[in-house]
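Chain by chain, the residues run as shown.
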Amino acid sequence: MSFFNLAESGAVWIGAVSVVALVMALAVVFLMKSWARAKELGYTPAQLKNVTNSTVSYTIVPSIAVLIGFFGLAAMVGVPWAWYRLSVVGSVGYEVMAADSALKAVGTELQSATASDFSLVMLVMSVCILGGLVTAALFAKKIQAGTMKMKERDARWGALGSSTFMMTILVVFVVPIIMKGGVSLLTLATSAIVTVALALLIKVTKAKWLTNFVLAIALLAAMASSVLWTGLLK
Amino acid sequence: MRTTKEYIDSIHRYGRFAALSTVIAMLAMPAVIGAIYHVLPDPLALLKAAAGLLLIFIPITVSEVFSFTPVLGSSIYLTLITGNVLNLKLPVAMNALRIMDVEQGSESGDVISGIAVGVSAIVTISVMAIGAILMVPLKPLLTLPSVKIASSYILPALFGGFMVGILQNEVGGGIVIKGRLKAAIVPALIIAALFLVSEKILQLQGVLIILMLPVTYFGAKLMYKRGWIKVALPADAVLTKASAKKK
């Protein structure tokens with residue numbers, strides 16, 4: 001049996017659909033629990049609907065970007081496995097790297113790879129990404145408890161201390177983009193300028209509903225601008 | 001109504017169940033398929049093939065938990081289960097906290113992030129399913145050069161907007177922090193220096209985040225104690241208004 005015979009087989013499709021369905025069910029239950037608690041805390045259905053609408057509008061564009069990565073990955077490991085890997089735990093960058101690395105370990109060309117090779121690729125791609133889930137199961141509650149205790153002891157320091165995590169993430173990502181310059185920097189700047197412009201527009205027009213869509217609009221505008229900058233800088 | 005502790009305990013119990021169920025399903029699926037077709041690899045061959053990737057991804061995936069849990073709270077489980085953390089889940093959670101004006105790390109922040117991550121996960125899984133079904137007609141459109149260029153700059157496009165948020169003093173929940181960017185100076189200089197040494201080091205973002213976290217955290221603490229960074233709670237604004245009225 002060849003690599004792609006197994007990769008595109010009914011068994012892999014059934015496996016992929018089953019695990020994705022499990023993850024979908026886990027997501028729905030988690031959402032229901034969070035929603036119920038939000039209502040207990042006094043949030044109105046209108047407020048929660050705002051969060052939902054904003055999240056949906058913000059999620060669609062990056063999801064389409066993941067879909068683009070899916071086409072590349074599907075050429076390497078078949079449609080069902082690529083779809084499953086990008087829907088569960090993985091990210092485009094990791095999955096392409098993992099698939100490439102696993103295929104190199106197999107040592108044969110895709111055209112002459114066997115079902116055994118595909119089995120190896122499946123297991124390698126699955127095993128290597130599980131560190132986060134296991135760590136979360138062991139430590140996430142303690143980490144969150146530590147953060148919340150920090151706020152209880154000193155509310156001022158707690159607020160500042162919590163904000164340092166996001167600040168660090170931004171520094172690690174934004175500083176290299178600035179240093180790299182070129183299209184990346186121009187895209188970053190466009191996103192920032194559009195965000196500020198929309199915030200000013202909301203202030204002037206008092207169109208509070210627009211607040212929900214600021215980041216989604218900035219994202220789309222900046223991504224579109226990257227095509228322009230790429231053309232100009234070539 | 002349940003207390004904060006009761007809710008946090010319950011949501012983390014569910015999160016752990018979800019994480020472990022996913023781990024079992026992810027390992028069982030390829031193992032069962034391999035067994036059905038009698039093509040399971042030799043354990044040594046599997047270890048050899050996985051060793052290099054494990055060395056790279058264990059530090060990254062572990063560091064994601066320590067870096068993102070303070071921001072995402074109990075949503076960390078679903079975030080990791082559905083993946084696409086930096087380009088999707090983290091931004092939607094931050095966006096939700098911003099529009100609801102809620103402080104990250106609070107119970108409200110935890111719940112609002114949970115809703116955002118849950119909705120985002122359902123939407124992404126649905127988009128991916130539709131994409132897989134419509135693969136033939138969609139592929140020519142989504143593989144256009146301009147679309148590919150745009151999607152390759154998604155991270156700068158995402159972080160530009162968030163950068164604006166960090167430049168502001170309001171951090172949600174009515175809390176105002178003046179001067180907090182001073183805590184980012186030293187880590188920014190370190191990252192800039194590393195960039196000049198080798199751009200490749202910067203691909204290990206997870207490791208860098210965990211190395212820079214103590215620098216930012218303890219730098220902020222020192223500056224806060226010296227009064228270089230000032231934090232105003234909502235109650236402070238009420239007291240200031242009340243004393244101004246008395247005068």
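Residues numbered from 1 in each chain as written. Chains lettered and ligands numbered in written order. Predicted model: local features only at pLDDT ≥ 70, side-chain atom pairs only at ≥ 80, totals over all residues. Heavy atoms only, no water.

Asker: Mind showing me how you'd approach the overall build of chain A here?
Answerer: Scanning chain A from terminus to terminus reveals 10 helices and zero strands. Against the globule reference of 17 Å for 234 residues, chain A gives a C-alpha radius of gyration of 22 Å, more extended than a compact globule. On the principal axes, the C-alpha backbone points of chain A span a range of 65 × 50 × 30 Å. Residues classed as buried in chain A amount to 57% of the 234 residues present. (Helix = DSSP H or I, 4+ residues; strand = E, 2+ residues; numbered from the N terminus. Rg over C-alpha atoms; globule rule 2.2 N^0.38 Å. Buried < 20%, exposed > 50% of the residue type's maximum accessible area, 1.4 Å probe, protein only.)

Asker: Could you clarify how one ought to interpret the nonpolar core in this entry?
Answerer: Side chains that are nonpolar tend, in soluble globular proteins, to be buried together. Formed by 156 residues in total, the largest nonpolar core has its most connected members in Phe70, Val77, Trp81, Tyr84, Phe118 and Ile169 of chain A. Dropping the residues within four chain positions of it, Trp81 of chain A is found in contact with Val12, Phe118, Met122, Met125 and Ser126 of chain A together with Met29 and Pro30 of chain B. Among the nonpolar cores identified, the runner-up in size contains seven residues, and Ile202, Leu210, Val214 and Ala218 of chain A belong to it. (Core = buried A, V, L, I, M, F, W, Y, C linked by side-chain atoms within 4.5 Å. Contact = heavy atoms within 4.5 Å.)

Asker: What is the right way to look at the interface of chain A and chain B in this model?
Answerer: Accessible area lost on assembly of the parts is the figure often given for the size of an interface. Every contact between the two is made by 136 residues of chain A and, on the other side, 149 residues of chain B. Carbon and sulfur atoms make up 80% of the area that chain A and chain B hide from each other, which totals about 13100 Å². As a salt-bridge pair, Asp9 of chain B and Lys141 of chain A come within 2.7 Å of each other at their nearest N and O atoms. For the side of chain A that touches chain B, the leading source of residues is helix H8 (residues 155–180) of chain A, giving 24 residues. In terms of residue class, the side of chain A that touches chain B is built from 92 nonpolar, 35 polar and nine charged. (Buried area = accessible area lost by both parts, 1.4 Å probe. Salt bridge = Lys/Arg side-chain N within 4 Å of Asp/Glu carboxyl O. Nonpolar A, V, L, I, M, F, W, Y, C, P; charged D, E, K, R; others polar.)

Asker: In this structure, what is going on with empty space enclosed by the protein? I would like to understand it.
Answerer: To find the voids left in a structure, one rolls a probe of water-molecule size over its atoms. Taken as a whole and assessed by the stated rule, the structure comprises one cavity of 30 Å³ or more. By volume, the largest cavity amounts to about 40 Å³. Every residue along the wall of the largest cavity is listed here: Gln144 of chain A together with Thr69, Pro70, Val71, Leu72, Gly73, Gly105, Ser106, Gly109, Asp110 and Ser113 of chain B. At the level of secondary structure, the elements contributing two or more residues to the lining of the largest cavity comprise helix H2 (43–72) and helix H5 (107–133) of chain B. (1 Å grid on protein atoms, 1.4 Å probe; cavity = no way out; pocket = protein on both sides within 12 Å on 5 of 7 lines; lining within 4 Å. Points joined across faces, edges and corners; volume = space filled by probe spheres on them.)

Asker: How should I be thinking about the confidence of the model for chain A in this particular structure?
Answerer: Note: predicted coordinates in regions of low pLDDT should not be interpreted at a detailed level. When pLDDT is averaged along chain A, the result is 87; 98% of the residues meet or exceed 70. The least confident element of chain A is helix H5 (residues 92–106) of chain A, whose mean pLDDT is 75; the most confident is helix H2 (residues 10–40) of chain A, at 95. (pLDDT = per-residue confidence, 0-100.)

Asker: When you look at the packing of H8 of chain A against H2 of chain B in this model, what are you seeing that I'm missing?
Answerer: The description of two packed helices rests on the angle between their axes and on the distance between the axes. Running from N to C, H8 of chain A and H2 of chain B cross one another at 130°; their axes reach a closest spacing of 8 Å. Viewed along their axes, H8 of chain A and H2 of chain B adopt a mutual orientation that is oblique. Pair H8 of chain A / H2 of chain B crosses with left-handed handedness. On the side of H8 of chain A, the interface is formed by Phe165, Met166 and Ile169 of chain A, while H2 of chain B contributes Phe66, Ser67, Phe68, Pro70 and Val71 of chain B. Grouping the constituent residues of the contact of H8 of chain A with H2 of chain B by class yields seven nonpolar, one polar and no charged. (Axes fitted to C-alpha atoms, helices over the stretch in contact; angles between N-to-C directions. Parallel < 35°, antiparallel > 145°, perpendicular 65-115°, else oblique. Left-handed = near helix turned anticlockwise from the far one by under 90°.)

Asker: I keep staring at the pattern of salt bridges and nothing clicks. Help me out?
Answerer: Between side chains of opposite charge, a pair can form when the charged atoms approach closely. The tally for this structure, following the rule as stated, stands at six salt bridges over all chains. The salt bridge involving Glu40 of chain A is made with Arg37 of chain A; its shortest N-O contact spans 2.5 Å. Taken as a pair, Glu40 of chain A and Arg37 of chain A lie in helix H2 at a separation of three residues, close to a single helical turn. Arg37 of chain A sits in the buried class, given a relative accessible area of 0%. One salt-bridge network, in which partners are shared between bridges, spans Arg37 and Glu40 of chain A together with Arg2 and Glu107 of chain B.

Asker: Teacher, can you tell me more about the packing of H8 of chain A against helix H8 (residues 154–167) of chain B here?
Answerer: It is the contact of H8 of chain A with H8 of chain B, at a shortest axis distance of 10 Å, that shows an interaxial angle of 125°. Classified by the interaxial angle, the pair formed by H8 of chain A and H8 of chain B is oblique. Handedness of the H8 of chain A/H8 of chain B crossing: left-handed. In contact with Met167, Ile169, Leu170, Phe173, Val174 and Ile177 of chain A of H8 of chain A, H8 of chain B contributes Leu155, Pro156, Phe159, Phe162, Met163 and Ile166 of chain B. Among the residues making up the contact of H8 of chain A with H8 of chain B, the classes are represented as 12 nonpolar, no polar and no charged.

Asker: Just checking my understanding: could you explain unusual backbone geometry for this structure?
Answerer: Most peptide bonds take the trans configuration, and most residues that are not glycine carry a negative phi. Residues and elements named next belong to chain A. Of note, the phi angle at Lys206 is positive, near 60°, even though the residue is not glycine. Relative to the elements of secondary structure, Lys206 occurs in the loop between helix H9 (182–205) and helix H10 (214–233). Look at Lys206 and you get exposed, because its relative accessible area is 68%.

Asker: Just checking my understanding: could you explain a nonpolar patch on the surface for this structure?
Answerer: Where nonpolar side chains cluster on the molecular surface, the patch consists of Val134, Leu138 and Phe139 of chain A together with Phe66, Ile210 and Leu211 of chain B and spans about 490 Å² of accessible area. For the nonpolar patch, the secondary structure elements donating two or more residues are helix H7 (131–153) of chain A together with helix H10 (205–225) of chain B. At three residues, the largest contribution of residues to the nonpolar patch is made by H7 of chain A. Mapped onto the secondary structure, Phe139 of chain A falls in helix H7. (Patch = residues over 30% accessible without salt bridge, like charges linked within 9 Å, V, L, I, M, F, W, Y side chains within 5 Å. Areas by Shrake-Rupley, 256 points an atom, 1.4 Å probe, with all protein chains shown as cover.)

Asker: For this particular structure, what's the right way to read the confidence of the model for chain B?
Answerer: Residues and elements named next belong to chain B. Chain-level pLDDT for chain B is 86 on average; 95% of the residues reach the 70-or-more range. Averaged pLDDT values for the elements of chain B fall to 59 in helix H11 (residues 234–246) and rise to 95 in helix H3 (residues 76–82). Interface confidence for the predicted complex, given as ipTM, is 0.82, next to a pTM of 0.81.

Asker: Help me out: how do you make sense of H10 of chain A in this one?
Answerer: Helical periodicity: at 3.6 residues per turn, an α-helix aligns residues three or four positions apart in one direction. In a regular helix each residue adds 1.5 Å, so 20 residues correspond to 28 Å; H10 of chain A covers 27 Å between its end C-alpha atoms and thus fits that length. In this structure, the buried residues of H10 of chain A make contact with helix H3 (45–77) and H9 of chain A together with helix H4 (85–99), helix H7 (145–152) and H8 of chain B. (Expected span 1.5 Å × (residues − 1).)

Asker: Sorry, what's going on with the layout of surface pockets here?
Answerer: Counted as a void, the largest pocket has a volume near 1500 Å³. In terms of lining residues, the largest pocket is bounded by 47 residues, among which Gly93 and Phe173 of chain A together with Leu86, Leu155 and Gln205 of chain B are the most central. At six residues, the largest contribution of residues to the lining of the largest pocket is made by H2 of chain B. Volume-wise, the second largest pocket comes out at about 1000 Å³. Arg98, Ile99, Gly165, Gln168 and Glu170 of chain B are the residues nearest the centre of the second largest pocket, which is lined by 33 residues in total. When residues of the lining of the second largest pocket are traced back to their parent elements, those giving at least two are H8, H9 and H10 of chain A together with H4 and H8 of chain B. In the lining of the second largest pocket, the residues fall into 17 nonpolar, nine polar and seven charged.

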